[in-house]
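Inside the fold
As a plain string of letters, each chain reads:
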Amino acid sequence: MLDYIIKVLLFQTLFLAVYDLLLKRETFFQLNRVYLMATSVLAYIIPLVKINRVQEMIPQEYVVLLPEVVLNPSAVIEQQFDWSMLFFLMLKTVFWFGVAVATILFVLRLYKIIKLITTNDKEFASSYYLVWLKSNKAFSFFNYIFLGKERNNKSQIIEHELVHVKQKHSLDLLFFELQKIVFWFNPYSYLYQVRIAELHEFIADSKAIKAESKA
């Protein structure tokens, strides 16, 4: 299991290094979006692929099976059973505790968004809901655009957030949120989400400036 986790981390290190060094500054935003989504999953799949070709290339006459040697088998089995069971029980407990904590944090964040929707004034436009906030924040979640009443340039902000709504960027973030729940121990789950959130802003800006000024 530890060997598998190390391989996943190595692949994700490689994939993110390629993104940061070669792709991040390019303007192929949609391709970069696909790249981040795909490589975050591929890193978990590639280590599971077994290559049998190497075994087929080795002739059977060169394969030597050593005789099995067991010294005091009852003592060995009892010792291995006790330590291995305790070790895996601890790992299992820590893993599920981390999943539970990550799930609770996710539910709390989701609850805050739902509370904002239910407690603030809303307007329905052609393809989205506009939720008026008492704060100065601006963001979107699926087809809800949250906008502070005190913000200036509201039309430009709405144009920007509409790109997030139309391109379903919330699904990307939700995808990485689920990764953070299951693989909470993997720091790259958080780094991937930071990269995709930053990329979403580039995409939204590039689309919004076609209708509004760059300033």
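Here, every reference points to the structure presented above.
My aim in this report is to walk through the structure given alongside it, one point at a time. (Residues numbered from 1 in each chain as written. Predicted model: local features only at pLDDT ≥ 70, side-chain atom pairs only at ≥ 80, totals over all residues. Heavy atoms only, no water.)

1. Regarding the overall build of the chain
A tally of regular secondary structure across the chain gives seven helices and four strands. Burial statistics for the chain: of 215 residues in total, 29% are counted as buried. Nonlocal contacts in the chain, meaning residues at least 24 apart in sequence, comprise 58% of its contacts between residues at least 6 apart. (Helix = DSSP H or I, 4+ residues; strand = E, 2+ residues; numbered from the N terminus. Buried < 20%, exposed > 50% of the residue type's maximum accessible area, 1.4 Å probe, protein only. Contact = heavy atoms within 4.5 Å.)

2. Quick look at the environment of D205
With respect to the secondary-structure elements, D205 resides in helix α7 (residues 187-208). By relative accessible area, which is 37% here, D205 ends up partly exposed. For D205 and H160, which are 45 residues apart along the polypeptide, the C-alpha to C-alpha distance reads 6.3 Å.

3. Here's the deal with the packing of helix α6 (residues 169-182) against α7
It is at 9 Å that the axes of α6 and α7 come closest, and there the two elements cross at 175°. It follows that α6 is roughly antiparallel to α7 by the angle criterion. Judged by residue contacts, H169, D172, L173, F176, E177, Q179 and K180 of α6 engage S189, Y190, Y192, Q193, I196, A197, H200 and I203 from α7. Considered class by class, the residues forming the contact of α6 with α7 number seven nonpolar, five polar and three charged. (Axes fitted to C-alpha atoms, helices over the stretch in contact; angles between N-to-C directions. Parallel < 35°, antiparallel > 145°, perpendicular 65-115°, else oblique. Nonpolar A, V, L, I, M, F, W, Y, C, P; charged D, E, K, R; others polar.)

4. Things to note about unusual backbone geometry
Non-glycine residue N153 carries a positive phi angle of around 55°. Relative to the helices and strands, N153 is located in the loop between β4 (144-148) and α5 (154-166). On the basis of relative accessible area, N153 is assigned to the exposed category, the value being 52%.

5. Brief notes about the nonpolar core
Buried together is how nonpolar side chains tend to be arranged in soluble globular proteins. Counting 18 residues, the largest nonpolar core has L36, Y192 and L199 as its most contacted members. Those elements that provide at least two residues to this core are α1 (2-23), α2 (29-45) and α7. Setting aside its immediate chain neighbours within four residues, Y192 contacts Q12, F15, L16, L36, T39, S40 and F176. By size, the runner-up hydrophobic cluster in this structure holds nine residues, among which are Y128, W132, L147 and I157. (Core = buried A, V, L, I, M, F, W, Y, C linked by side-chain atoms within 4.5 Å.)

6. A closer look at the side chain of N186
Here N186 shows up in the loop between α6 and α7. Residues contacting N186, with those up to four places away along its chain left out, are V8, L9, Q12 and Y44.

7. Considerations on a nonpolar patch on the surface
A contiguous nonpolar patch, built from V41, L42, I45, I46 and V49 and spanning about 370 Å² of accessible area, is present on the exposed surface. Summarising the element assignment, V49 is placed in the loop between α2 and α3 (53-57). (Patch = residues over 30% accessible without salt bridge, like charges linked within 9 Å, V, L, I, M, F, W, Y side chains within 5 Å. Areas by Shrake-Rupley, 256 points an atom, 1.4 Å probe, with all protein chains shown as cover. Salt bridge = Lys/Arg side-chain N within 4 Å of Asp/Glu carboxyl O.)

That is the geometry; function is a separate question.
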